[in-house]
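What follows is the residue order along each chain.
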Amino acid sequence: MTVRVGILGATGYTALELLKILVRHPEVEVTALTTRQEDRPHLSAIHPQFHKVLDLHLENWGPQEVAERCDCVFGCLPHAASASVIPEFLEAGLKVVDLSADYRLNDPAVYTQWYGGDHPDAERMKTTLYGLPELFREGIAEAQLVANPGCYPTGVSLALAPLLKGGFIRPDGIIADCKSGVSGAGRTPKLGTLYPECNESFSAYGVGTHRHMPEIEQNLTVYSGKQASVIFTPHLVPMDRGILSTCYALPDQDASEKELRSLLEETYANEPFVRVRSDLPATKHVSGTNFCDITVRRVKDRVLTISAIDNLIKGASGAAVQNFNLMYGFAETTALL
Ligand SMILES: NC(=O)C1=CN([C@@H]2O[C@H](COP(=O)(O)OP(=O)(O)OC[C@H]3O[C@@H](n4cnc5c(N)ncnc54)[C@H](OP(=O)(O)O)[C@@H]3O)[C@@H](O)[C@H]2O)C=CC1
Ligand SMILES: CC(=O)N[C@@H](CCC(=O)OP(=O)(O)O)C(=O)O
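Residues numbered from 1 in each chain as written. Chains lettered and ligands numbered in written order. Predicted model: local features only at pLDDT ≥ 70, side-chain atom pairs only at ≥ 80, totals over all residues. Heavy atoms only, no water.

J.: Whenever I open this one, the sheet that holds strand 1 (residues 3-8) confuses me. Can you help?
T.: As a general point, the strands of a sheet are linked pairwise by backbone hydrogen bonds and lie either parallel or antiparallel. Pairing within the open sheet is parallel, and its six strands lie in the order 2-1-3-4-6-5. Here the strands that pair on one side only, and so sit at the sheet edges, are strand 2 (28-33) and strand 5 (129-130). In this sheet, strand 6 (residues 145-147) lies alongside strand 4 (residues 95-98) in parallel orientation, the contact comprising three bridges. Counted as the bridge partner of V97 is V146 from strand 6. (Pairing = 2+ DSSP bridges. Helix = DSSP H or I, 4+ residues; strand = E, 2+ residues; numbered from the N terminus.)

J.: Help me out: how do you make sense of the site of ligand 2 in this one?
T.: Around ligand 2 lies a shell of 13 residues, among which R104, Y205, H210, R211 and H212 are the nearest. Interatomic distance of 2.6 Å between a side-chain N/O atom of R104 and an oxygen atom of ligand 2. The side chain of R211 places a nitrogen or oxygen atom 2.8 Å from an oxygen atom of ligand 2. When ligand 2 sits alone it has 440 Å² of accessible area, and the protein chains cover 83% of it. (Near = heavy atom within 4 Å. Polar contact = N/O pair within 3.5 Å; in protein donor to acceptor, adjacent residues only side chain to side chain. Areas by Shrake-Rupley, 256 points an atom, 1.4 Å probe, with all protein chains shown as cover.)

J.: Would you explain the packing of aromatic side chains in this entry?
T.: Centre distance and the angle of the planes are the two values used to describe a pair of aromatic rings. Inspection of every chain in the model, using the stated rule, returns nine aromatic pairs. Between Y130 and F136 the ring centres are 6.0 Å apart and the planes differ by 85 degrees, which places this aromatic pair in the edge-to-face class. Taking the relative accessible area as the measure of exposure, Y130 reaches 8% and is therefore buried. Relative to Y223, the ring of F136 lies with its centre 6.1 Å away and its plane at 85 degrees, an arrangement referred to as edge-to-face. Highlighted residues: F136 in helix 7 (residues 133-136) and Y223 in helix 10 (residues 212-224), separated in sequence by 87 residues. Of the aromatic side chains, those joined through ring pairs into one cluster are F74, F324, Y328 and F330. When the ring centre of Y328 is taken as reference, the NZ or CZ atom of K95 above it lies at 4.4 Å. A cation over a ring is seen here: R275 above F291, with NZ or CZ 3.8 Å from the ring centre. (Phe/Tyr/Trp six-rings, centres within 6.5 Å; stacked < 30°, edge-to-face > 60°. Buried < 20%, exposed > 50% of the residue type's maximum accessible area, 1.4 Å probe, protein only. Lys NZ or Arg CZ within 6 Å of the ring centre and 35° of its normal.)

J.: Quick question: what am I supposed to make of the pattern of salt bridges here?
T.: Within this structure, the stated rule accounts for 19 salt bridges. R170 serves as the salt-bridge partner of D172, at 2.7 Å between the closest nitrogen and oxygen. For D172, a relative accessible area of 32% puts it in the partly exposed group. A network of salt bridges, in which partner residues are shared, links E17, K20, R241 and D310. (Salt bridge = Lys/Arg side-chain N within 4 Å of Asp/Glu carboxyl O.)

Now the structure itself:
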């Protein structure tokens, strides 16, 4: 079975990583790539990595023209832009994996509070499945639309959710201290990601206001059944890619480091992309892969987790292909490392 795949927002970084994975996927043919540019640029002019690999042009197509050529689309557009076109693909019968934040939260009021403005497709967001299979696998295989998780929420939620559900950490007073490479901000030029602004500099941003805070809290709350409260502070690190998340939680029972690690090992025993480790994860160990590496430690009166992902792979495009594989009944690991 060959699935005809389209990518919306094909000039960006998540699209680049998606294409690298999809050209290795035995069941995929890429049939549509979109941009707002009018001049039909060749893919190799936008992403020279595909010179002599994929002979395609990017097109300024609307949903109708894409839908005629595809069975499934990956949405790599910014939030709000995504939800204003995705309903048309769904109505045309296509499957959709949306990498934007538009369908991740399940409460439109929370969306408005953190993203500003009314949600363009508010009814649908309430019931859209959140595609983090290691925590919320149920229903993904049957879904027409899957909301691909945010990069920071992936690393933080995979590390903390089992410990919270297992009663090992308290739901309040959790601190998630996260550091991301600059590709997390996308390819669209912004002042803060210019080389002289961020090179040789390490800074916090979005303190107390970052939109991934409610997404992390939603994940932990839904998975554990306990109302989680998290202080999330992201930082920009002068490297291309990778996220390291160090989380601090108060213990809810007296458990040794070995017991905490055993719980994580048992939870993820059959998960191909989560590696529970006794040594310390680093972004280099997962770079270019769909792995999330996690360790857990006891330090004084706290439980610490440290997790590493590649923001563009497990934090975006690798996770999107993992969801795609589940939605089409392919082996979950197809085309993924
Ligand atoms: N980078 C990361 O690590 C992660 C990103 N994400 C999310 O994935 C999505 C894509 O991210 P990323 O690839 O990094 O972003 P980029 O900025 O690299 O690419 C976004 C693409 O969307 C197109 N675009 C921009 N604005 C609009 C608009 N208003 N209407 C239609 N198209 C538009 C642009 O194409 P053109 O200008 O050619 O039309 C651009 O190439 C975003 O929602 C992002 O938040 C999620 C997890 C991690
Ligand atoms: C370093 C950096 O800027 N990272 C991005 C996170 C990218 C992401 O996952 O964003 P969405 O939730 O919008 O998809 C940020 O903090 O906005």
